[in-house]
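The residues making up each chain are set out below.
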Amino acid sequence: MLNLDRQRRDLRRDGARFLVGVAGLLVAELVVPAASFFTADGAVHGFLFGASLGVLLSGVFRATARQALSSTLALGVGFALGAVVDLF
C-alpha cells in the first residue's frame, strides 16, 4: 500500500502547484494538437496532459516534492503510452 505523506498546508506552494497544473491542462488541450494515436503529437499531448494532472493533484493532496515529482512523471509517461497504444 502506498503511504502518502502530507505536508502542512502552505497556500502559496499548494496554490502554485494547482495553478501550474490547470495552466498545463489548458496548454495541453488548446495548444498541443492531439492529431493521431500513432504520431508523436499524440504522445506529447498525452505526456503533457498526464504531467499537468500530476502537478495539479500534488497541490490538492499536499504531496511532498519527491512524491509530486514521481507522480507527475508516472502520470505523464502513463498518459503518453496510453495515447500511442491502441488495444482495440
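Residues numbered from 1 in each chain as written. Predicted model: local features only at pLDDT ≥ 70, side-chain atom pairs only at ≥ 80, totals over all residues. Heavy atoms only, no water.

1. Quick notes on the UniProt feature "transmembrane region" (unreviewed entry) in the protein
- On the UniProt side, "transmembrane region" (unreviewed entry) is annotated at positions that read residues 16–38, 44–61 and 68–85 here.
- In residues 44–61, the share of helix is 94% and the share of strand is 0%. The end C-alpha atoms are 26 Å apart.
- Across residues 68–85, the secondary structure splits into 94% helix and 0% strand, with the terminal C-alpha atoms separated by 25 Å. (UniProt positions renumbered as here; feature names shortened; annotations may be inferred. Helix = DSSP H or I, 4+ residues; strand = E, 2+ residues; numbered from the N terminus.)

2. As for helix 1 (residues 11–30)
- Here helix 1 is 20 residues long and its end C-alpha atoms lie 28 Å apart, about the 28 Å a rise of 1.5 Å per residue gives.
- Buried within helix 1 we find Asp14, Arg17, Gly21, Gly24, Leu25 and Ala28. Relative to the axis of helix 1, the buried residues are bounded by an arc of 100° and lie together on one face. In helix 1, the exposed positions angled more than 90 degrees off the buried face are occupied by Leu11, Arg12, Leu19, Val20 and Leu30. (Expected span 1.5 Å × (residues − 1). Buried < 20%, exposed > 50% of the residue type's maximum accessible area, 1.4 Å probe, protein only. Arc of directions from axis to C-beta.)

3. Some points on the pattern of salt bridges
- This model, assessed by the stated rule, comprises two salt bridges.
- The shortest N-O distance in the salt bridge between Arg9 and Asp14 comes to 3.1 Å.
- Two residues, Asp14 and Arg13, come together in a salt bridge whose shortest N-O distance is 3.1 Å.
- Judged by its relative accessible area of 4%, Asp14 is buried.
- The exposure class of Arg13 is partly exposed, given its relative accessible area of 22%.
- Connected through shared salt-bridge partners, Arg9, Arg13 and Asp14 make up one network. (Salt bridge = Lys/Arg side-chain N within 4 Å of Asp/Glu carboxyl O.)

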